[in-house]
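Read off the chains here:
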Amino acid sequence: MQDKLQEYAELGLGSRLKRLSEFVMKEIQIVYTSCNINFDPYLFPIFKIIIDQSHTTTTDIQEKLHYTQPAITQALKKLMEKGLVEYKIDTSDKRKKLFQLTKKGNETHQIMIPLWKVIDQEVTTLTTFSSANLADHITHFESKLREKPLHQQILEKYTS
């Protein structure tokens, strides 16, 4: 079947990146669900910043990820609803909220460490390829993903 976005080459680059991002996120969601982990892959960057910083503010997250404030606020709300993150008021500046992992967040993080390692290895394997331009690189990555679903590759390695 013909892929019009591939035909558009660099003109369709933004649309292809969006499509690829959505596809990868859906595949990773299948992995989390299969492993009985209640987590949304879209929350990963903010969750990881909180893990790496031990406690952080929305401003710190914004500076590190270059996300909009509403996107950060929404993600933090979801992480709090899942019981993974909580905040405390900064004692030196009462206007600041310091976000940190909850006990459940720490437990979830520990479960995810080996899984993230496999995800990273599998995506690295699929994306390690030389090409003349980004559009060709994406085409190669997409063709690899069509050969065998990403979630299947990850789960096979993770459960073996």
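Residues numbered from 1 in each chain as written. Predicted model: local features only at pLDDT ≥ 70, side-chain atom pairs only at ≥ 80, totals over all residues. Heavy atoms only, no water.

Draft legend 1. Quick peek at the pattern of salt bridges. In total, this model carries nine salt bridges according to the counting rule given. The residue Glu156 makes a salt bridge to Lys148 at a minimum N-O spacing of 2.5 Å. Several salt bridges share partner residues, and in doing so they unite Arg16, Arg19 and Glu142 into one network. (Salt bridge = Lys/Arg side-chain N within 4 Å of Asp/Glu carboxyl O.)

Draft legend 2. Looking closely at the side chain of Glu142. By the secondary structure assignment, Glu142 is in helix H7 (residues 134-147). Classification of Glu142 as buried rests on a relative accessible area of 7%. Apart from the residues within four sequence positions on either side, Glu142 is in contact with Asp3, Gln6, Arg16, Arg19 and Leu20. (Helix = DSSP H or I, 4+ residues; strand = E, 2+ residues; numbered from the N terminus. Buried < 20%, exposed > 50% of the residue type's maximum accessible area, 1.4 Å probe, protein only. Contact = heavy atoms within 4.5 Å.)

Draft legend 3. How the structure looks around the environment of Ile50. Along the chain, Ile50 turns up in helix H3 (residues 44-53). The buried category is assigned to Ile50, whose relative accessible area is 1%. Setting aside chain neighbours within four positions, we find Ile50 in contact with His55, Thr56, Ile61, Leu76, Val85, Phe99, Gln100 and Leu101.

Draft legend 4. Spotlight on the pairing of strand E2 (residues 97-101). Counting buried residues along E2, four of its five residues qualify, which places the element largely inside the surrounding structure. Bridge count for strand E1 (residues 85-89) against E2 is five bridges, and the pairing is antiparallel. By the bridge assignment, Glu86 is partnered in E2 with Gln100. (Pairing = 2+ DSSP bridges.)

Draft legend 5. Molecular detail of the packing of H3 against helix H6 (residues 103-127). Contact pair H3 / H6: the axes reach a minimum separation of 12 Å and the direction vectors enclose 110°. One finds that H3 runs roughly perpendicular with respect to H6. Judged by the twist between their axes, the crossing of H3 over H6 is left-handed. Two secondary-structure elements touch here, H3 through Phe44, Phe47, Lys48 and Ile51 and H6 through Gly105, His109, Met112 and Trp116. Here the residues of the contact of H3 with H6 are counted per class, giving five nonpolar, two polar and one charged. (Axes fitted to C-alpha atoms, helices over the stretch in contact; angles between N-to-C directions. Parallel < 35°, antiparallel > 145°, perpendicular 65-115°, else oblique. Left-handed = near helix turned anticlockwise from the far one by under 90°. Nonpolar A, V, L, I, M, F, W, Y, C, P; charged D, E, K, R; others polar.)

Draft legend 6. The nonpolar core, seen in detail. Formed by 36 residues in total, the largest nonpolar core has its most connected members in Phe39 and Phe47. Residue assignment for this core shows that the elements contributing at least two residues are helix H2 (13-34), H3, helix H5 (69-81), E2, H6, H7 and helix H8 (150-159). Once residues within four sequence positions are removed from consideration, Phe39 is found in contact with Gln29, Tyr32, Phe44, Phe47, Leu79, Lys82, Leu84 and Met112. (Core = buried A, V, L, I, M, F, W, Y, C linked by side-chain atoms within 4.5 Å.)

Draft legend 7. Focus on unusual backbone geometry. The residue Ser54 is not glycine, and still its phi comes out positive at about 70°. Residue position: Ser54 is located in the loop between H3 and helix H4 (58-65). Even without a glycine there, the phi angle at His66 is positive, about 60°. You can see His66 is positioned in the loop between H4 and H5. Of the residues examined, His66 reaches a relative accessible area of 70% and is grouped as exposed.

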